[in-house]
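The lines below spell out each chain.
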Amino acid sequence: MPKNIFVLTGAGVSAESGLGTFRDKRGEGVWAKFDPMKLATPEAFARDPETVLAFYDLRRRNLLGAEPNAAHFALARLEAALGQRGGSLALVTQNIDDLHERAGSRRVIHMHGELLKARCNACAAVRPWRDDLTVAHACPECGRAGALRPHVVWFGETPLGLDLIGRALRKADLFAAIGTSGAVYPAAGFVAEARACGVPTCELNLEAADNADLFDEQRLGAASETVPAWVEEVVGR
Ligand code: OAD
């Protein structure tokens, strides 16, 4: 059994929990309906904070009504199994939901931030946030109104935890990407880094990702089916 596994997850792992994906081949993803440049950039927030906050309010409400699915639970089992054998799982997610944690994953690197947290643009304090967020809210730390934003990474901003991610990539002896289209960097480049270190790479996805040719193995299907089967195989190896 591989000892240190690196798993990158994307919106596809939460799709069966009812949270939409961003892009698919049918043009039904969130970014086919909404312009990310008007909703997910620091410039958009500076220009029109109400619209940006309302978009994330809707997503936060959806998340609060969603539940983890079999894929999230299987990844929590994988972390526990590796831990018992003296290894570790680096679970890096592009998702801003908390479904991995709610399924029992103990250590999750949220490289694109977390929807259930708010950050103050004035004092940088980050705190849990489950309610709608408005420009009228004052920062509980510094008292400034109008500076609170969702603690998520927008286009043009640097993802979180990249040092930690780099170290985990160099330590891994198996790399898997689950439910991600391979369209957004730097996450889409992790598979190339793993390959450069000689690590076997596996894609689990509904449709082939943009970077599918960089994977040694491909398992197409719904994450709620492919991920538990893959975890059982890996744990049994
Ligand atoms: P995408 O929406 O780009 O890709 C979702 C992937 O999941 C696609 O490859 C789908 O085929 C696959 N998929 C859909 N349903 C699935 C299912 N039931 N089981 C398995 N796979 C399924 O999402 P990401 O790659 O995560 O960033 O997107 C990356 C980033 O782009 C996001 O974090 C977000 C977005 O813009 C920011 O907002 C900064």
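Reading the values: rules and limits
Residues numbered from 1 in each chain as written. Predicted model: local features only at pLDDT ≥ 70, side-chain atom pairs only at ≥ 80, totals over all residues. Heavy atoms only, no water. Helix = DSSP H or I, 4+ residues; strand = E, 2+ residues; numbered from the N terminus. Rg over C-alpha atoms; globule rule 2.2 N^0.38 Å. Contact = heavy atoms within 4.5 Å. Areas by Shrake-Rupley, 256 points an atom, 1.4 Å probe, with all protein chains shown as cover. Lys, Arg positive; Asp, Glu negative; His and termini not counted. Charge placed at Lys NZ, Arg CZ, Asp CG, Glu CD. Buried < 20%, exposed > 50% of the residue type's maximum accessible area, 1.4 Å probe, protein only. Pairing = 2+ DSSP bridges. Near = heavy atom within 4 Å. Polar contact = N/O pair within 3.5 Å; in protein donor to acceptor, adjacent residues only side chain to side chain. Nonpolar A, V, L, I, M, F, W, Y, C, P; charged D, E, K, R; others polar. Axes fitted to C-alpha atoms, helices over the stretch in contact; angles between N-to-C directions. Core = buried A, V, L, I, M, F, W, Y, C linked by side-chain atoms within 4.5 Å. Domains from an automatic or database assignment. Salt bridge = Lys/Arg side-chain N within 4 Å of Asp/Glu carboxyl O.

A. The overall build of the protein, seen in detail. For the protein, the helix and strand inventory stands at ten helices and nine strands. The C-alpha atoms of the protein give a radius of gyration of 18 Å, which matches the 18 Å a tight globule of 237 residues would have. Structurally, the protein occupies a C-alpha span of about 55 × 40 × 35 Å along its principal axes. For the protein, the proportion of contacts with a sequence separation of at least 24, taken over those separated by at least 6, is 65%. About 10900 Å² of surface is accessible on the protein, with carbon and sulfur atoms providing 52% of the total. With 27 positive and 30 negative side-chain charges, the protein shows a separation of 4 Å between the mean positions of the two kinds.

B. Expanded view of the pairing of strand β4 (residues 113-120). Counted residue by residue, β4 has six buried out of eight residues, so it is predominantly covered. Of the pairings in the sheet, the one linking β4 to strand β5 (residues 126-128) comprises three bridges and is antiparallel in character. Paired with A118 across the bridge in β5 is R127. Here β4 folds back onto β5, and the loop between the two strands holds five residues, one of which, A124, carries a positive phi near 70 degrees.

C. Geometry of the site of the ligand. Taken together, 23 residues lie around the ligand, and F22, R23, W31, T180 and S181 are the ones closest in. Residue N205 places a side-chain N or O atom 3.1 Å away from an oxygen atom belonging to the ligand. Backbone polar atom of L206 to a nitrogen atom of the ligand: 3.2 Å apart, as the coordinates give it. Its free accessible area being 790 Å², the ligand has 94% of it covered by the protein chains. Broken down by class, the residue content of the shell around the ligand amounts to ten nonpolar, ten polar and three charged.

D. Quick peek at the sheet that holds strand β9 (residues 217-220). In spatial order, the strands read β3-β2-β1-β7-β8-β9; together these six strands make up an open sheet with parallel pairing. Looking at which strands have only one partner, the edges of the open sheet turn out to be β3 (108-110) and β9. Strand-to-strand twist in this sheet, taken as the mean axis angle between neighbours without regard to direction, amounts to 15 degrees. By the bridge criterion, six bridges tie strand β1 (residues 4-9) to strand β2 (residues 88-93) in an arrangement that is parallel. Following the sheet pairing, N4 is matched in β2 by S88. Helix α6 (residues 70-84) rests against β1, β2 and β7 (174-178) of the sheet, and its axis sits at about 150 degrees to β2. Contacts from helix α8 (residues 162-171) reach β1, β2, β3 and β7, with the element oriented near 130 degrees to β1.

E. Summary view of the nonpolar core. Core analysis: the largest hydrophobic core is formed by 26 residues, its most contacted members being Y56 and W154. Elements with a minimum of two residues in this core: α2 (30-33), α4 (42-47), α5 (49-64), β4 and β6 (148-152). The residue makeup of this core includes at least three contributed by each of domain 1 (1-19 + 68-112 + 159-237) and domain 2 (26-65 + 115-152). Dropping the residues within four chain positions of it, W154 is found in contact with L39, A40, T41, P42, F45, V52, Y56 and R149. In terms of nonpolar packing, the next biggest core, distinct from the first, is built from 23 residues, V7, L89, V108 and V231 among them.

F. Inspection of the pattern of salt bridges at higher detail. If you walk through the whole model with that rule in mind, you get 13 salt bridges. Two residues, D132 and R61, come together in a salt bridge whose shortest N-O distance is 2.6 Å. Of this pair, D132 sits in the loop between β5 and β6 while R61 is found in helix α5, placing the two residues 71 residues apart along the sequence. Residue D132 is classed as partly exposed on the basis of its relative accessible area of 29%.

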